[in-house]
Structures are given as structure tokens and as C-alpha cells.
Amino acid sequence: RDFATRHRAPVSDLRSPSREPTAAMAQDDEKPVVYLGAAAGKYIWDDVLKGVDADRDDVQGDCISKYSWADGKNRVSIYIELEGLDGVADDAFVVASGEKDVSLTIASLAGRKRRFRLPNLSHKIDGVKLERKTGKNTVVLKLAKKEEKPWLSLGSAPERSWATGF
């Protein structure tokens, strides 16, 4: 026999009279669970947020935080897909970049100004070019790499508020 089976306590020893199910315990099971500490608000969902789609509804405000990216030999591409981008005029897009930051401002998309900004890129860039993918509601920011080396990460998360960074 192995150690675990030789030193296992009998099941009857594990049950104490105080742990036997009682009518009072059955009533306790019907009470709602109350979480304390850091988890107190984690499992409480407001009824008003049920059925809300973060992509379509005005949950995130004017900040664009949903994007994807790809690393190439000479450039890094950032893909931004938003409903209604195909209907936006070319002059409504304003792209700016620094040595380690990039930003995109859309003057009016569905009546709102939309912004995307990455303030701390992983590596230095030489500039940025905007490319539109018509029919796909997508724009691509093509960042020219200063050095030809792979980017393992894009950098910090996009800023949530243009003014404060929160």
C-alpha cells in the first residue's frame, strides 16, 4: 500500500456532530451570498448594463481603445475598426506622431469626435501614415520603424482621456 491509503482517516472520524446537516443550515443556504472586502462589488451587476454592447453603445466615450496591431520588417501596423468609418471624409482624419508616440483624431464619427493615442511606444518611429480600408470600416496606422528590429509589444495601453490620461 502507498502512504496515502495507509494514513487516511476513516470517513466516520471526519464527520463531527457539529457538521451534520441541520434545518438551520438548510435555511442558511437560501440566504443571498454577501461578499466582503475587495470582491464586494465584483459580482454585483446593474440591471441597466445588461444587454449593453460596448462596441455599439456609448460606453467608452470618445476614446478609441479597441485595436489590433502587427509587426513587420520596416513598419508596425495598427488596425482600428469602427462602425461608420467608411462614411467619414478623408479630411476628418488627423494623424500625429512623435519619436515614441502616435495619435489619431477623427473629427466626427456618428456626431462625436473620436480619439486614439499611444503615448509610450516600445521603440522609436520615424513617422506615421494613414491608410483606409474602404468596405471594412477600418483604418490602418502605418508606423515607420527607426530601427529594423522586432517589436515584442506595442507599448503602453492607449490613453482613456485625451486631457488627463486616465
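Look up a bit, the structure's there.
Just so you know, these numbers come straight off a predicted model, no measurement behind them.

Draft legend 1. Geometry of the overall build of the chain. A count of helical and extended segments in the chain gives three helices and seven strands. Written out in order from the N terminus, the α and β elements of the chain read α-α-α-β-β-β-β-β-β-β. Once local pairs closer than 6 in sequence are excluded, the contacts in the chain between residues at least 24 apart make up 59%.

Draft legend 2. Just the side chain of Arg114, in detail. With respect to the helices and strands, the residue Arg114 is situated in strand S5 (residues 112–118). Within the structure, the side chain of Arg114 is placed 3.4 Å from the backbone oxygen of Asp62, a separation counted as a polar contact.

Draft legend 3. Up close: the pairing of strand S4 (residues 102–109). The buried fraction of S4 is high, at six of eight residues. Sheet topology places strand S3 (residues 93–97) next to S4; five bridges connect them, and they run antiparallel. Note on S4: the bridge partner recorded for Val95 is Leu104. In sequence, S3 turns back onto S4 through a hairpin of four residues. In the sheet, S4 pairs with S5 via six bridges, with the strands oriented antiparallel. Bridge pairing in S5 links Ile106 to Arg114.

Draft legend 4. Just the environment of Lys136, in detail. Secondary-structure assignment places Lys136 in the loop between strand S6 (125–133) and strand S7 (138–145). Looking at Lys136, the relative accessible area reads 59%, which means it is exposed. Between the C-alpha atoms of Lys136 and Asp86, which are 50 residues apart in sequence, the distance is 7.4 Å. Excluding its chain neighbours within four sequence positions, the residues that come into contact with Lys136 are Glu81 and Asp86.

Draft legend 5. Examining the sheet that holds S7 more closely. An order of S1-S2-S7-S6 is seen for the four strands of this open sheet, with the pairing classed as antiparallel. Each edge of the open sheet carries a strand with a single partner, namely strand S1 (68–71) and S6. For this sheet, the mean inter-axis angle between neighbouring strands, taken without regard to orientation, is 20°. Note that S1 and strand S2 (residues 75–81) share four bridges and pair antiparallel. When the sheet's bridge partners are listed, Trp69 is paired in S2 with Ile78.

Draft legend 6. Structural detail: the packing of aromatic side chains. Applying the stated criterion across every chain, the model contains one aromatic pair. Taking 5.2 Å as the distance between ring centres and 70° as the angle between the ring planes, the aromatic pair formed by Tyr67 and Phe116 counts as edge-to-face. Placement of the pair is Tyr67 in the loop between helix H3 (23–29) and S1 and Phe116 in strand S5, with a sequence separation of 49 residues. Owing to a relative accessible area of 26%, Tyr67 belongs among the partly exposed residues under this scheme. A relative accessible area of 0% places Phe116 in the buried class.

Draft legend 7. Just the environment of Ala92, in detail. Inspection of the secondary structure assignment puts Ala92 in the loop between S2 and S3. Note on Ala92: relative accessible area 11%, which makes it buried. Residues Ala92 and Ala107 lie 15 residues apart in sequence; the distance between their C-alpha atoms is 4.9 Å.

Draft legend 8. Just the pattern of salt bridges, in detail. By the definition in use, this model includes eight salt bridges. A salt bridge links Arg132 to Asp90; the shortest N-O distance between them is 2.5 Å. Here Arg132, found in strand S6, pairs with Asp90, found in the loop between S2 and S3; they are 42 residues apart in sequence, far enough to count as distant. Taking the relative accessible area as the measure of exposure, Arg132 reaches 22% and is therefore partly exposed. Lys146 serves as the salt-bridge partner of Glu99, at 3.1 Å between the closest nitrogen and oxygen. You can see Glu99 sitting in the loop between S3 and S4 and its partner Lys146 sitting in the segment after S7, a full 47 residues away along the chain.

Cut-offs used in this document
Residues numbered from 1 in each chain as written. Predicted model: local features only at pLDDT ≥ 70, side-chain atom pairs only at ≥ 80, totals over all residues. Heavy atoms only, no water. Helix = DSSP H or I, 4+ residues; strand = E, 2+ residues; numbered from the N terminus. Contact = heavy atoms within 4.5 Å. Polar contact = N/O pair within 3.5 Å; in protein donor to acceptor, adjacent residues only side chain to side chain. Buried < 20%, exposed > 50% of the residue type's maximum accessible area, 1.4 Å probe, protein only. Pairing = 2+ DSSP bridges. Axes fitted to C-alpha atoms, helices over the stretch in contact; angles between N-to-C directions. Phe/Tyr/Trp six-rings, centres within 6.5 Å; stacked < 30°, edge-to-face > 60°. Salt bridge = Lys/Arg side-chain N within 4 Å of Asp/Glu carboxyl O.

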